[in-house]
Amino acid sequence: MRHIIAILVCFIAVMCTITFRFITTENIVSGYANAVEILGKTQLTSKWNLLGERFDKRDDFTGSYKCSADRITGRDVPYGGCRIHDTKLRVKGTIHPQSGAADVRIGLGSSVETIKPDKKGNFDRQFEFSGSNYVMVQYKNFTGSVDIKTEYV
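Residues numbered from 1 in each chain as written. Predicted model: local features only at pLDDT ≥ 70, side-chain atom pairs only at ≥ 80, totals over all residues. Heavy atoms only, no water.

Please provide a residue-by-residue account of the pattern of salt bridges, values included.
Scanning all chains against the criterion turns up five salt bridges. Salt-bridge contacts for arginine 90 lead to aspartate 124; the nearest nitrogen and oxygen are separated by 2.5 Å. In this pair, arginine 90 sits in strand 2 (residues 63-108) while aspartate 124 sits in strand 4 (residues 122-152), placing the two residues 34 residues apart along the sequence. For aspartate 124, a relative accessible area of 42% translates into the label partly exposed. Residues participating in the shared-partner salt-bridge network are Arg90, Asp124 and Glu151. (Salt bridge = Lys/Arg side-chain N within 4 Å of Asp/Glu carboxyl O. Helix = DSSP H or I, 4+ residues; strand = E, 2+ residues; numbered from the N terminus. Buried < 20%, exposed > 50% of the residue type's maximum accessible area, 1.4 Å probe, protein only.)

Got a sec to walk through unusual backbone geometry? Specific residues and values, please.
The phi angle at arginine 71 is positive, at roughly 55°, despite the residue not being glycine. With respect to the helices and strands, the residue arginine 71 is situated in strand 2. In this structure, asparagine 141 takes a positive phi of about 45° despite not being glycine. Within the secondary structure, asparagine 141 is located in strand 4. On the basis of relative accessibility, which here comes to 46%, the residue asparagine 141 falls in the partly exposed class.

Talk me through the packing of aromatic side chains; I want residue IDs and the actual numbers.
For the coordinates displayed, the defined rule picks out three aromatic pairs. Among the aromatic residues, those joined into a ring-pair cluster are Phe61, Phe127 and Phe129. (Phe/Tyr/Trp six-rings, centres within 6.5 Å; stacked < 30°, edge-to-face > 60°.)

Right, dumping it as structure tokens:
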């Protein structure tokens, strides 16, 4: 019985040595980054549930979003996700309300910042994204149009 246990322990030790020999720090970080990005995708509004539309989407953080609304209430999260590396993102666009309200909000980890457009409805801001981040539009009985473009800086 002791011989069988000794052989099993040696076998496990050899297998662990062979397995860990091929695992590098880069592989571990890359695997973790992929897992984090997959989890971040769950926060985005699916294309079937969007109140507006996404265009020119290169990835989960960049592209164009447009919504022409007639008395809608709800929210869209067209862009965002999770990343372990810092990303600088430019968010620009216009909000043209006829009635109701539409707010563009940027989730930066545990805080949320509302973008205030100028008197013509335009906004243009840059954000440092790290961890969990998103671009969200919150509609409250909104009639009008919203256009957003996001791009890396």
